[in-house]
Amino acid sequence: MQAEDMEVPIINNLNDNGDRQRPKGKDVFKDQQKESESSMESPNLEFEYGDTDTLTAELSELYSYTEEPEFALNRDYFEEDFRSHARGRRWIELTVEEQRAYVMRLLDALEVTDRDKRLKVARAILYLAQGVFDECDTEVDVLHWSRHNVFLLYDMGIFTALLELLSMEIDNSQACSSAVRKPAISLADSTELRVLLSIMYLMVETVRVRTEDDRPEWIAARETFKNELGSPLYNGEPFALLLFTMVTKFCSMNAPHFPMKKVLLLLWKTILFTLGGFEELQEMKVRGRERFNLPPLPEDSIKVVRAMRAASPPASAMELIEQQQQQKRGRRSRRPLVKQDSLDTYNERDPFKNDDARDEEEDPEDTDSGIEGEVDPLDRDVIIQPPPPPPPLRPPTERVNFPKGLPWAPKVREKDIEHFLETSRNKFIGFTLGNDTETLVGLPRPIHESVKTLKQHKYVSIAEVQIKKEEELQQCPMTLGEEEVEETPAEMLYLGMLPNLSQYVIALLKLLLAAAPTSKAKTDSINILADVLPEEMPITVLQSMKLGIDVNRHKEIIVKAISALLLLLLKHFKLNHIYQFEIVSQHLVFANCIPLILKFFNQNIMSYISAKNSICVLDFPHCVVHEMPELTAESLEAGDSNQFCWRNLFSCINLLRILNKLTKWKHSRTMMLVVFKSAPILKRALKVKQAMMQLYVLKLLKIQTKYLGRQWRKSNMKTMSAIYQKVRHRLNDDWAYGNDIDARPWDFQAEECALRESIEKFNSRRYDKNKNGDFTPVDNCLQSVLGQRVDLPEDFHYSYEMWLEREVFSQPIQWEGLLQNP
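Residues numbered from 1 in each chain as written. Predicted model: local features only at pLDDT ≥ 70, side-chain atom pairs only at ≥ 80, totals over all residues. Heavy atoms only, no water.

## Topic: the overall build of the chain
- From N to C terminus, the chain includes 39 helices and 2 strands.
- Per-residue burial over the chain gives 49% buried out of 822 residues.
- Considering only contacts in the chain between residues 6 or more positions apart, those separated by 24 or more positions represent 80%.
- On the chain, roughly 42,500 Å² of surface is accessible, and the fraction owed to carbon and sulfur atoms is 52%. (Helix = DSSP H or I, 4+ residues; strand = E, 2+ residues; numbered from the N terminus. Buried < 20%, exposed > 50% of the residue type's maximum accessible area, 1.4 Å probe, protein only. Contact = heavy atoms within 4.5 Å. Areas by Shrake-Rupley, 256 points an atom, 1.4 Å probe, with all protein chains shown as cover.)

As structure tokens, this is what we get:
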């Protein structure tokens, strides 16, 4: 499957300025009014970004609401078998040894040939993994017994037995062919797979999560399980590769009955468990810098981001139109224009700014006209209001809590210092010294000070060291010898993924496209709803509402799993080796990941983040412990009381981080952001008042600001201020001015081809074991060469005299020519 086979997601409904086109007439006013109201009322979101949501939320997302009747089915099969084993006793009353004996009995029963009997046993095991909920009174009890049982099941070798059954189901050609022929696939087609994947997911997720009351044997089991999943113990490859194979098989339409949501969730959690989450990544980065003798990181990025505060979003066009209408109605008085200061980092006024003076950059004529500007021209950062009263005196203790200064330490690259000195030498001396950053003879004193400051903030990344080392290995393969490659989980995963990497990436993006809320339903698109649609379609309005919520929730969970999975792969491969990261990035870019993410954000993002596609009373483990109330339309619409949906905000931040990783330091990909008119789409995402999301939006706006033109920058000063306050500074980066853009041609093909060449050299040097390169040793010894046994074809001895005559005796040999110099 080639990258071009994937459908190019086109960003629809954009006008020439990149703004979303809206329907004509009254609908325009209503839509804009709703949008302005939502932006005016958007509250600060108390969201804490992490590897995952709470354990309860992660477990509940494994099950669709249409799977709810199966909880009772699991219980019934377990109790039917357990009653014959332990008469009149309950599972929680047995001793550990008795529990182990019963699990061993289930393990033996898994090996029967009868498919239906195997399924019953698997359901009984699933009931144990779910926490024998019929014997529990509270949700806490269910989670406690689930944890106890999962470690017991792992200890008894259940996971390996399940893996064999899963491999059998994947290779079940009869099930695949019957699913392909079916006109409509439902929940019933994936029953065995869903049961197996559910048990495996519960085991991986429960063992992965650490708790304070973990027993010593559980801690040891966690490390063992982690190493087993990450190493090629199962079928000669890491477990994640089996799941990647399921994803590609599903996307190639060969197995449309695979329950893709469960596969993706299990794949994400397996990668998270074996490679590590964001905090482990930070620790690995610190250790990596120590190994390369690099100075420590200037700050802990996780802590800095968590300490950030959200800024007020830029005013929408609707709000500014309303202000202009008020002016026309005569409500405007001789009051000065006051610059809105909500984007000042900590709501503190600039001491160097006169409150009563209007901002020099703003012109009242510009505000009145409301026509100028290339993108979102009405987004001015002034509002008409009476001058605010002087702030009341506050005790000094309140201010002490706020950190002073900018959140990030500035960084400078080695090539930035070289470029600065080259420019300075050309200006003051008239010649350059190449890459020499030490010699400052002939340069004036201020230049000396500048170089000193730049060197103070110089930052060398692990990636730069790896690139330099790779260049040396390519140039001196004989003297430097073989590189010692550490067998890390990331290295083993990359080695397994490399042969089919493009298929894996394309399959994940196809699923992301199918699950995106902006995607139109097409007959030829992938059906990702196979494991959520019931056998009998709903007949009442209430059932239809419930299924509608379930389908939307199902899609959101798929987006969440894919976005988190791609981000983890990019971050781990980048730390392991920069070229491993680059090849995954390039496959993503060639498979149209950049326009796909922009298409995802080209929606009412506030509505997506505040979506209530969940029914609390149906979530596991609530639904198995409490009596089920009668569902009504009101209770379905109620949802939870949170002001935002955790998984949707998590997905949005992940997708923005992926976009940042793909475009950082890549000029041609930055130009793709400009060409796809991403600025208005990204600016709408600033309405979400969450600091981390705003940070990654502002980073994406910063890298393209210089290409958007002076008028855009003038019209979006509030966004420019936010970039200055929140995004890390590169000391001699003129992102806000764009002085050098004429000197930088946009040659996408050349840049990507040069990068691909470096990647292929790296892969060939490190992973191509059968290479016959220029450096293969040559045997020059006459005796050993003539003594080698050469296998000749069977009929050669019949015609060897003819061969001698033709190839040797009849060829004139000029022996004198060998003595002459060529």
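## A closer look at the packing of helix 3 (residues 69-85) against helix 4 (residues 96-109)
- Following both chains from N to C, one finds helix 3 and helix 4 inclined at 120°, their axes separated by 12 Å at the closest point. One element, helix 3, and the other, helix 4, form an angle in the oblique class. Viewed along their axes, helix 3 and helix 4 form a crossing whose handedness is right-handed. The residues of helix 4 that touch helix 3, namely those facing F78, D81, F82, S84 and H85, are E98, Y102, R105 and L106.
- Partitioned by chemical class, the residues of the contact of helix 3 with helix 4 number 4 nonpolar, 2 polar and 3 charged. (Axes fitted to C-alpha atoms, helices over the stretch in contact; angles between N-to-C directions. Parallel < 35°, antiparallel > 145°, perpendicular 65-115°, else oblique. Left-handed = near helix turned anticlockwise from the far one by under 90°. Nonpolar A, V, L, I, M, F, W, Y, C, P; charged D, E, K, R; others polar.)

## Quick notes on the packing of aromatic side chains
- Per the stated rule, a full pass over the model turns up 31 aromatic pairs.
- An angle of 5° between the planes, with centres 4.5 Å apart, marks the rings of F151 and W218 as stacked. Of this pair, F151 sits in helix 6 (residues 139-155) while W218 sits in helix 10 (residues 216-230); the two residues are 67 residues apart in sequence, bridging distant segments of the chain. Pair check on accessibility: F151 and W218 agree, each one buried.
- Centroid distance W646 to F650: 4.8 Å. Interplanar angle 25°. Geometry classified as stacked. One end of the pair, W646, and the other, F650, are both in helix 30 (residues 646-663), 4 residues apart, so they sit about a helical turn from each other.
- Through successive ring pairs, a cluster of aromatic residues spans Y63, F71, F78, F82, W91, Y102, Y127, F133 and F620. (Phe/Tyr/Trp six-rings, centres within 6.5 Å; stacked < 30°, edge-to-face > 60°.)

## Regarding the packing of helix 23 (residues 501-515) against helix 25 (residues 578-590)
- Here helix 23 crosses helix 25 at 50°, and the two axes come no closer than 9 Å. Here helix 23 lies oblique to helix 25, going by the angle between them. Here helix 23 runs over helix 25; the crossing is right-handed. From helix 23, L501, S502, V505 and L509 reach across to helix 25, where they touch I583, V584, H587 and L588.
- Here the residues of the contact of helix 23 with helix 25 are counted per class, giving 6 nonpolar, 2 polar and no charged.

## Points about the environment of F420
- Here F420 lies in helix 18 (residues 414-428).
- Setting aside its immediate chain neighbours within four residues, F420 contacts I447, S450, V451, L454 and N732.

## Section: helix 25
- Over its 13 residues, helix 25 runs 18 Å from end to end, which matches the ideal 18 Å to within 8%, given 1.5 Å per residue.
- Of all 13 residues making up helix 25, 12 are buried, and the element is well covered by its neighbours.
- Residues of helix 25 that are buried include every one of I578, Y579, Q580, F581, E582, I583, V584, S585, Q586, H587, L588 and V589, and no others.
- Backbone geometry just after helix 25 places N592 at a positive phi near 65°. (Expected span 1.5 Å × (residues − 1).)

## Section: a nonpolar patch on the surface
- A cluster of nonpolar residues, F428, I429, F431 and L433, forms a patch on the protein surface that exposes about 350 Å² of accessible area.
- Secondary-structure assignment places L433 in the loop between helix 18 and helix 19 (445-456). (Patch = residues over 30% accessible without salt bridge, like charges linked within 9 Å, V, L, I, M, F, W, Y side chains within 5 Å. Salt bridge = Lys/Arg side-chain N within 4 Å of Asp/Glu carboxyl O.)

## A look at the side chain of E58
- Turning to its location among the elements, E58 is positioned in helix 2 (residues 55-60).
- Given the relative accessible area of 0%, E58 is considered buried.
- Once you skip the residues sitting within four places of it in the chain, E58 turns out to touch T52, D53, Y201, E205, W268, K269 and K560.

## Here we look at unusual backbone geometry
- Following F620, the chain continues into P621 via a peptide bond in cis, with omega recorded as 5°.
- Looking at the element boundaries, P621 is found in the loop between helix 27 (605-609) and helix 28 (622-625).
- With phi around 35°, V132 is a residue other than glycine that occupies positive phi space.
- Taking relative accessible area as the criterion, V132 reaches 0% and is therefore assigned buried.
- For N592, which is not a glycine, the phi torsion comes out positive at approximately 65°.
- Mapped onto the secondary structure, N592 falls in the loop between helix 25 and helix 26 (593-601).
- The buried category is assigned to N592, whose relative accessible area is 15%.

## Quick look at the pattern of salt bridges
- With the rule as written, the count across this model stands at 39 salt bridges.
- A salt bridge links D134 to R75, with the nearest nitrogen and oxygen atoms 3.8 Å apart. Taken together, the positions of D134 in the loop between helix 5 (115-129) and helix 6 and R75 in helix 3 put the pair 59 residues apart, joining distant regions of the chain.
- For D134, a relative accessible area of 42% corresponds to the partly exposed category.
- A salt bridge links D619 to R553; the shortest N-O distance between them is 3.8 Å. Taken together, the residues D619 in the loop between helix 27 and helix 28 and R553 in helix 24 (residues 541-576) connect sequence positions 66 residues apart.
- Counted as one network, the salt bridges with shared partners bring together E58, E61, E205, R208, K269, E556, K560 and R647.

## Some points on the nonpolar core
- Residues W91, F239, L511, F601 and M693 are the most contacted members of the largest nonpolar core, which totals 200 residues.
- Residues contacting F601, with those up to four places away along its chain left out, are C652, L655, L656, I681, A685 and M693.
- Formed by 8 residues, the second largest nonpolar core is a distinct cluster that contains V412, L421, L440 and L454. (Core = buried A, V, L, I, M, F, W, Y, C linked by side-chain atoms within 4.5 Å.)

## Looking at the environment of A561
- Turning to its location among the elements, A561 is positioned in helix 24.
- Overall, A561 belongs to the buried group, its relative accessible area being 1%.
- Residues A561 and T52, spaced 509 residues apart in sequence, show a C-alpha to C-alpha distance of 10.0 Å.
- Sequence-distant contacts of A561, that is, excluding residues within four places in its chain, are made with L264, L265 and W268.

## Some thoughts on the confidence of the model for the chain
- Taken as a whole, the chain shows an average pLDDT of 81; of its residues, 81% reach a score of 70 or greater.
- Here helix 16 (residues 364-369) is the element of the chain with the lowest mean pLDDT, 34, and helix 25 is the one with the highest, 97.
- Low pLDDT, under 50, characterises residues 1-41; the predicted model gives this stretch 74 contacts beyond four residues in sequence or across chains.
- Every residue in residues 331-403 scores below 50 in pLDDT, and together they form 108 contacts with partners more than four places removed in sequence or on other chains. (pLDDT = per-residue confidence, 0-100.)

## Digging into the environment of L509
- Along the polypeptide, L509 turns up in helix 23.
- On the basis of relative accessibility, which here comes to 0%, the residue L509 falls in the buried class.
- With 82 residues separating them in the primary sequence, L509 and A591 have C-alpha atoms 7.6 Å apart.

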